[in-house]
Amino acid sequence: MTNARARTAPLGPDFVTLERFIGTLMELGELAAGISMAPKLKLIMRPMVARLARDLEAAGCALYIYRPQTRKLELLVGEGTPDKGPKISLGEPVELHWAREDAFPFDPRSTSLAEPVRAFVAEYGASLAGFGMGAWLPLAVQGQVFGLILLGDRLTGLPYGPLELNILSVAGRQIAGGLYNRAQQAERALAQTELLRYHDYLQTLHSSLKAAFIHDVLVKEAVALTNARQGLLFTYDDRTDELELAQAFPARAVTGRIGDRYPVGAHWLAPVVREREPRIYQALEVPSDLECLSVAAVPLMVRRGSARDAMPDTDLAEMGVAGVLCVFDREKGRSVTNFTDDDLEALGSFAVTGGAAIQNARLYEQATRDGLTRLYIRHYFDQRLAEELAKASLTGLPVALVMLDIDKFKTFNDTYGHQTGDQVLREVSQVLARNVRDDVDVPARFGGEELLALLPETGLDSAAEVADRIRRAIADHAVPDATGTLLQVTVSVGVAVYPAHGHDAASLIAAADLALYASKHGGRNLVTVYSPELAATQSH
Amino acid sequence: MTNDLHVQVRKESSYAVISTDGYINNVGGEKVGEIALGLVDEGYRDLILNLEKSNVVNSIGVSILIELVERIQDVDGRLYFCNLTKVIAKTFTIMGLAGVAGIVATEAEAVAALAAPQGA
């Protein structure tokens, strides 16, 4: 039968052959329609490859799938070939040329794909023994490459004729169409996830008033949503006209440190701050240590003197800059590319929500933090203490108070002036804040040079350890006066724990205060844990 | 400026656990993919990908992970994701990964799922 057809091939296809090929295309069309939904690509491709090989009487047939991330063609399924095969690497020019001009099959000697495929066959010919290579079929549609089908020599010994090549062409487009739909579906799903991510971002952003948390969320989401390599957030202080590096993602994205401040005047982001407009920078416009191809930067806008959102129709004159959000190097496939106006538009959504969130956090901080020490104010501390005691009464877990007083603070003021006194108070407060748990403990200014730390779920031994760590850290920290002379500072510390030493806020504070004064009377630079004997001594 | 994704691999007798720490973008995703496929080549067909310390995955990273799932399926292997953030778990579900790869809360759950007979 094969011989009979081989004999008739030069005279044109017979009806039986045509009918068979129409059947092939119908079945492939049916299967290809399922490609976009198939959970396992391999399972749906295997019968297609088998059908092609059988109906075209090919010695073998292998379907390679194109992996855009690695720019490689990888064997997915084979009929009459090894099931595990080598990869074909495609460079950018080959892929583009192939997609534009060579979507139609097939003669290996005439297409621009010839060289890499010929090299592939030469290198891996042994593993494809007996496969030959009668034709190949690029799976391309809409200018995109999705894969490649390699067909072995025909069993008839004849070359592939015009009819077979046309049938292959239609089959290739059917399969490529299915793969295209699958890719489109994946892209739609990705777009859907981006909307979902943005929704989640808004919820997360508004779930906290902590500046550090808000900065972190802003940078990470901006980086993820724009497919950027990394991102930086600067907050802007219009009183000093300075930018402060507030967050970087990934953490090592920048050579500076979080908290570093830069005068706007000479800074590369000055145009964004001054003009209050988003901007795309090219590599030469940014400091070389950033090592990037392009940067998209948007100002985070906020209505002056208000925590309300900056609405798009708000007059720009009423708006201030709360910060600048930058993303670096937009990823595209395996490489990076320049940002576009679309990216600036996407980042623009952060300008509104991010600016308001930063402003809200600033107002919250102003309302809860002491201006000199940056510790929490007494009112906030009292509130948190009441909350923690209420919680402790339900859980049965202890709550500790550590109270500090700077030794001979009056001497610093009298000897070196109030400015140095303020500096001592500021630095001691910072040491305290660094030695308690972020977002758990509450370091506060109790009044004058007295400081407090509320330690939730902390027992006596742990509290005493923390208190002594703080005392030692302060004693080790010299404070420079106005002339640069280093001053030694010590603190006296008292510790009390709920419920053992006090049954409510007032009695607990009184207990810590008594312990603190025991440290003072004991010679200063000491930690004293409250005991009933102290109260007895005091009453005498 | 390079990607600083850290990857740790723990090999057990019948499965391997890949734990990531950092941003999963194109560079990070490819690193994970290479390590996972290297394990497959070593004979590990069952893998657990623990993303506890990777709370940012961009869409290119997601695409690479989807590709990885397909390639592990090609060798009849199994891949379980665990410790995903809420957003990443939702993303994987929308992308159809939930149907072809396991998404579980913890590494212990992934191990238990792998221990169960296939199809159970």
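Residues numbered from 1 in each chain as written. Chains lettered and ligands numbered in written order. Predicted model: local features only at pLDDT ≥ 70, side-chain atom pairs only at ≥ 80, totals over all residues. Heavy atoms only, no water.

Attention now moves to the overall build of chain A. Assigned secondary structure in chain A consists of 15 helices and 19 strands. Counting only contacts in chain A whose residues sit at least 6 apart along the sequence, the fraction spanning at least 24 positions is 61%. Accessible surface, chain A as shown: approximately 25300 Å² in total, 54% of it carbon and sulfur. (Helix = DSSP H or I, 4+ residues; strand = E, 2+ residues; numbered from the N terminus. Contact = heavy atoms within 4.5 Å. Areas by Shrake-Rupley, 256 points an atom, 1.4 Å probe, with all protein chains shown as cover.)

Bringing the overall build of chain B into the picture now. Secondary structure summary: chain B contains 5 helices and 5 strands in total. The linear arrangement of helices and strands in chain B, starting from the amino end, is β-β-α-β-α-β-α-α-β-α. For chain B, with 120 residues in total, the buried portion stands at 56%. (Buried < 20%, exposed > 50% of the residue type's maximum accessible area, 1.4 Å probe, protein only.)

Right, let's talk about helix α3 (residues 86-94) of chain B for a bit. Because the α-helix completes a turn every 3.6 residues, residues three or four places apart line up on one side. Residues and elements named next belong to chain B. Listing the buried residues of α3 in full gives V87, I88, T91 and F92. One side of α3 holds all its buried residues, which, seen down the axis, span an arc of 135 degrees. Where α3 ends, the next residue or the one after it, G96, has phi of about 90 degrees, a positive value. (Arc of directions from axis to C-beta.)

This brings us to the interface of chain A and chain B. Across the boundary between the two partners, chain A contributes 41 residues, which contact 30 residues of chain B. Between chain A and chain B, a total of about 3300 Å² is buried, with carbon and sulfur atoms accounting for 51% of that surface. For B:E70, the salt bridge identified is with A:R182, shortest N-O distance 3.2 Å. The tally of links from chain A across to chain B stands at 8 residue pairs in polar contact (both at pLDDT 80 or more). When residues in the side of chain A that touches chain B are grouped by element, the largest group, 10 residues, is from helix α6 (residues 162-205) of chain A. (Buried area = accessible area lost by both parts, 1.4 Å probe. Salt bridge = Lys/Arg side-chain N within 4 Å of Asp/Glu carboxyl O. Polar contact = N/O pair within 3.5 Å; in protein donor to acceptor, adjacent residues only side chain to side chain.)

Turning next to the side chain of A:H215. Residues and elements named next belong to chain A. Along the chain, the position of H215 falls in helix α7 (residues 211-225). Residue class for H215 comes out buried when judged on its relative accessible area of 11%. Discounting residues that sit within four places of it in the chain, H215 has contacts with L233, T235, A246, Q247 and I358.

What follows concerns empty space enclosed by the protein. The method is simple in principle: a probe with the dimensions of a water molecule rolls over the atoms, and the space it marks as empty is what remains. For the structure shown, the criterion picks out 4 cavities of 30 Å³ or more. Within this model, the largest cavity holds a volume of roughly 70 Å³. Looking at the largest cavity, the residues that line it are A:L190, A:T193, A:E194, A:R197, A:A224, A:L225, B:V57, B:N58, B:S59, B:V62 and B:T91. Those elements that place two or more of their residues in the lining of the largest cavity are α6 and α7 of chain A together with α2 (59-74) of chain B. Residue composition of the lining of the largest cavity, grouped by class: 5 nonpolar, 4 polar and 2 charged. Considered as a void within the structure, the second largest cavity measures approximately 50 Å³ in volume. Considering each element in turn, the lining of the second largest cavity owes the most residues, 4 residues, to helix α10 (residues 378-395) of chain A. Its residues assigned to classes, the lining of the second largest cavity comprises 4 nonpolar, 1 polar and 3 charged. (1 Å grid on protein atoms, 1.4 Å probe; cavity = no way out; pocket = protein on both sides within 12 Å on 5 of 7 lines; lining within 4 Å. Points joined across faces, edges and corners; volume = space filled by probe spheres on them. Nonpolar A, V, L, I, M, F, W, Y, C, P; charged D, E, K, R; others polar.)

All names here are of chain A. On the basis of which strands lie adjacent, the open sheet formed by 5 strands has the order β14-β15-β13-β18-β19 and mixed pairing. In this open sheet, the two edge strands, each paired with only one partner strand, are β14 (442-447) and β19 (527-529). Direction aside, neighbouring strands of the sheet carry axes that sit 20 degrees apart on average. Along the sheet face, α10 touches β13 (399-406), β14, β15 (450-456) and β18 (491-498) and points at about 30 degrees away from the line of β15. (Pairing = 2+ DSSP bridges. Axes fitted to C-alpha atoms, helices over the stretch in contact; angles between N-to-C directions.)

On the surface, A:L18, A:I22 and A:M26 cluster together into a nonpolar patch covering about 300 Å² of accessible area. If you trace the backbone, A:L18 turns up in helix α2 (residues 15-33). (Patch = residues over 30% accessible without salt bridge, like charges linked within 9 Å, V, L, I, M, F, W, Y side chains within 5 Å.)

Now for the environment of A:I35. All names here are of chain A. With respect to the element layout, I35 can be found in the loop between α2 and α3 (41-55). The exposure class of I35 is buried, given its relative accessible area of 0%. Distance from I35 to M45, taken between C-alpha atoms, is 8.1 Å for residues 10 residues apart in sequence. Setting aside anything within four residues of it in sequence, one finds I35 in contact with L41, I44, M45, M48, I175, G178, L179 and R182.

Take the sheet that holds strand β3 (residues 46-53) of chain B next. All names here are of chain B. One open sheet accounts for 5 strands, arranged β1-β2-β3-β4-β5; its pairing is mixed. Each edge of the sheet is formed by a strand with only one pairing partner; in this case those strands are β1 (6-11) and β5 (102-104). Averaged over all neighbouring strand pairs, the angle between strand axes comes to 20 degrees, with direction disregarded. Inspection of the sheet shows strand β4 (residues 78-82) paired to β5 by 3 bridges, in the parallel sense. Bridging from a neighbouring strand, F81 pairs with I103 of β5. The strands that α2 touches are β3 and β4; relative to β4, the one it contacts most, it runs at about 145 degrees.

Turning our attention to the packing of α2(A) against α6(A). All names here are of chain A. At their nearest, the axes of α2 and α6 sit 9 Å apart, and the two run at 10 degrees to each other. Between α2 and α6, the angle falls in the class roughly parallel. Between α2, through T17, L18, F21, L25, L28, G29 and A32, and α6, the contact on the second element is made entirely by L163, E164, I167, V170, A171, Q174, I175 and G178. Classifying every residue of the contact of α2 with α6 by side-chain character gives 10 nonpolar, 4 polar and 1 charged. (Parallel < 35°, antiparallel > 145°, perpendicular 65-115°, else oblique.)

Looking now at the pattern of salt bridges. All names here are of chain A. Tallied over the entire structure, the rule returns 35 salt bridges over all chains. Residue D382 pairs with R378 through a salt bridge whose shortest N-O separation is 3.3 Å. Of this pair, D382 and R378 both sit in helix α10, 4 residues apart, which is roughly one turn of that helix. For D382, a relative accessible area of 31% corresponds to the partly exposed category. The class of R378 is partly exposed, set by a relative accessible area of 36%.

Before going further, it helps to spend a moment on the side chain of A:E164. All names here are of chain A. Along the polypeptide, E164 turns up in helix α6. Within the structure, E164 has its side chain in polar contact with the side chain of R154 (distance 3.3 Å). Dropping the residues within four chain positions of it, E164 is found in contact with F21, L56 and R154.

Attention now moves to the pairing of β4(B). Residues and elements named next belong to chain B. Across the 5 residues of β4, 5 count as buried, placing the element largely inside the fold. Burial along β4 is two-sided: the face carrying R78, Y80 and C82 and the face carrying L79 and F81 are both buried. For β3 and β4, the ladder comprises 5 bridges, and the chain directions are parallel. Opposite N50, over in β4, you have C82 as the bridge partner.

For the rest of this paragraph, the subject is the packing of aromatic side chains. Residues and elements named next belong to chain A. Scanning the model with the defined rule gives 9 aromatic pairs over all chains in all. An aromatic cluster is built from W268, Y281 and F328, whose rings are joined through pairwise contacts. Positioned above the aromatic ring of Y376, the side-chain terminus of R369 is 4.0 Å from the ring centre. (Phe/Tyr/Trp six-rings, centres within 6.5 Å; stacked < 30°, edge-to-face > 60°. Lys NZ or Arg CZ within 6 Å of the ring centre and 35° of its normal.)

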